[in-house]
Amino acid sequence: MELARVGRRWRTGLDARVKHLGLTQARWIALLHLRRSGAMSQRNLAEQIGVEGPTLVRLLDALEQRGLIERVDSDDDRRVKNIHLAESAKPLIEEITRISDAFREELLEGVPANDLATAHRVLGLIGDRLERS
């Protein structure tokens with residue numbers, strides 16, 4: 001429960017700091033996932049950000065209207081659309097990253113590096129187990 005509370009508050013705090021960029025939390029999270037993972041199918045992106053297909057379609061429609069993403073037909077399967085970041089998204093993502101990094105530094109100030117490394121390692125192990133089950 002503590003993990004859920006921290007994750008929720010962290011996203012809410014970051015959302016308040018990027019609100020002036022005109023993006024909803026779901027939209028900036030989708031953009032950051034695409035930046036981190038590269039182009040991916042709509043299905044994979046929906047799984048990554050934890051939304052259902054119809055919700056993702058509306059989210060992607062809004063990002064596409066702003067010129068931030070492009071839907072590209074898959075070479076392997078014509079039913080699949082791969083989502084790519086548009087070149088115009090890069091300055092926006094850089095700003096989100098800058099704000100996110102500053103927020104992270106603020107939140108983690110004074111937390112010993114060893115404690116952070118342990119927390120990261122333990123959460124990684126638990127996450128891996130959850131994905132295998």
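Residues numbered from 1 in each chain as written. Predicted model: local features only at pLDDT ≥ 70, side-chain atom pairs only at ≥ 80, totals over all residues. Heavy atoms only, no water.

1. Comments concerning the UniProt feature "domain: HTH marR-type" (unreviewed entry) in the protein chain
Short version of the rule: UniProt positions are given in the numbering used here, feature names are shortened, and annotations may be inferred rather than shown by experiment. What counts as a helix is a DSSP run of H or I of at least four residues, what counts as a strand is a run of E of at least two, and both are numbered from the N terminus.
In this structure's numbering, the residues bearing the UniProt feature "domain: HTH marR-type" (unreviewed entry) are residues 1-128. Between the end C-alpha atoms of residues 1-128 there is a gap of 18 Å, over a span that is 67% helix and 9% strand.

2. Some words on the packing of helix H2 (residues 25-37) against helix H3 (residues 42-49)
Note the cut-off: Fitted lines through C-alpha atoms give the axes, limited to the stretch in contact for helices. The angle between two N-to-C directions lies from 0 to 180 degrees. Angles are sorted into four bins: roughly parallel if under 35 degrees, roughly antiparallel if over 145, roughly perpendicular if 65 to 115, and oblique for all others. Take the far helix as your reference; a near helix turned counterclockwise from it by less than a right angle gives a left-handed crossing, and one turned clockwise gives a right-handed crossing. Contact criterion: two residues are considered in contact whenever any of their non-hydrogen atoms come within 4.5 Å of each other. Under the convention adopted here, Pro, Cys and the residues Ala, Val, Leu, Ile, Met, Phe, Trp and Tyr are nonpolar, Asp, Glu, Lys and Arg are charged, and Gly plus all remaining residues are polar.
Remark: H2 packs on H3, axes separated minimally by 10 Å, with the N-to-C direction vectors making an angle of 115°. Looking at the two axes, H2 sits roughly perpendicular to H3. Crossing geometry of H2 relative to H3 is assigned as right-handed. Contacts between H2 and H3 involve Ile-29, Ala-30, His-33, Leu-34 and Ser-37 from the first element and Leu-45, Gln-48 and Ile-49 from the second. Residues that form the contact of H2 with H3 fall into these classes: five nonpolar, three polar and no charged.

3. Quick word on the environment of Arg-8
On the secondary structure map, Arg-8 appears in helix H1 (residues 2-18). Sequence separation between Arg-8 and Arg-132 is 124 residues, and the spatial gap between their C-alpha atoms is 24 Å.

4. Quick word on the pattern of salt bridges
Note the threshold: We define a salt bridge as a side-chain nitrogen of Lys or Arg found within 4 Å of a carboxyl oxygen belonging to Asp or Glu. To sort residues, take the accessible area from a 1.4 Å probe on protein chains only and compare it with the maximum for the residue type: under 20% means buried, over 50% means exposed, and anything in between is partly exposed.
One pass over the structure, following the stated rule, counts eight salt bridges. A salt bridge links Asp-61 to Arg-71; the shortest N-O distance between them is 2.9 Å. Taken together, the residues span a long stretch of sequence, with Asp-61 in helix H4 (residues 53-65) and Arg-71 in strand S2 (residues 69-73) at a distance of ten residues. Note on Arg-71: relative accessible area 22%, which makes it partly exposed. In this structure, the salt-bridge partner of Arg-104 is Asp-101, at a minimum N-O distance of 2.9 Å. Residue Arg-104 and its partner Asp-101 are located together in helix H5 (residues 90-108), separated by three residues, close to a single helical turn. Judged by its relative accessible area of 31%, Asp-101 falls in the partly exposed class. Among the charged side chains, a network of salt bridges with common partners joins Asp-61, Glu-64 and Arg-71.

5. Describing the nonpolar core
Which entries qualify depends on this criterion: Among the buried residues, those of types Ala, Val, Leu, Ile, Met, Phe, Trp, Tyr and Cys that are joined through side-chain atoms within 4.5 Å form a nonpolar core.
Core analysis: the biggest nonpolar cluster contains 27 residues, and Leu-23, Trp-28, Leu-31, Leu-60, Leu-63 and Ile-96 have the highest contact counts within it. Sorting the residues of this core by element identifies H1, H2, H3, H4 and H5 as the ones contributing at least two each. The residues contacting Leu-31, other than those within four sequence positions of it, are Leu-23, Leu-63, Leu-68, Ile-69, Leu-85, Leu-92 and Ile-93.

6. Examining H3
Defined as follows: Working note: the arc is built from the helix axis to C-beta atom directions.
Residues of H3 that are buried include every one of Leu-45, Ala-46 and Ile-49, and no others. Burial along H3 is one-sided: seen end-on, the buried residues are contained in an arc of 100°. Seen from the open side of H3, the exposed residues pointing more than 90 degrees away from its buried face are Arg-43 and Glu-47. In this fold, the buried residues of H3 make contact with H2, strand S1 (40-41) and H4. At the exit of H3 stands Gly-50, carrying a positive phi of roughly 75°.

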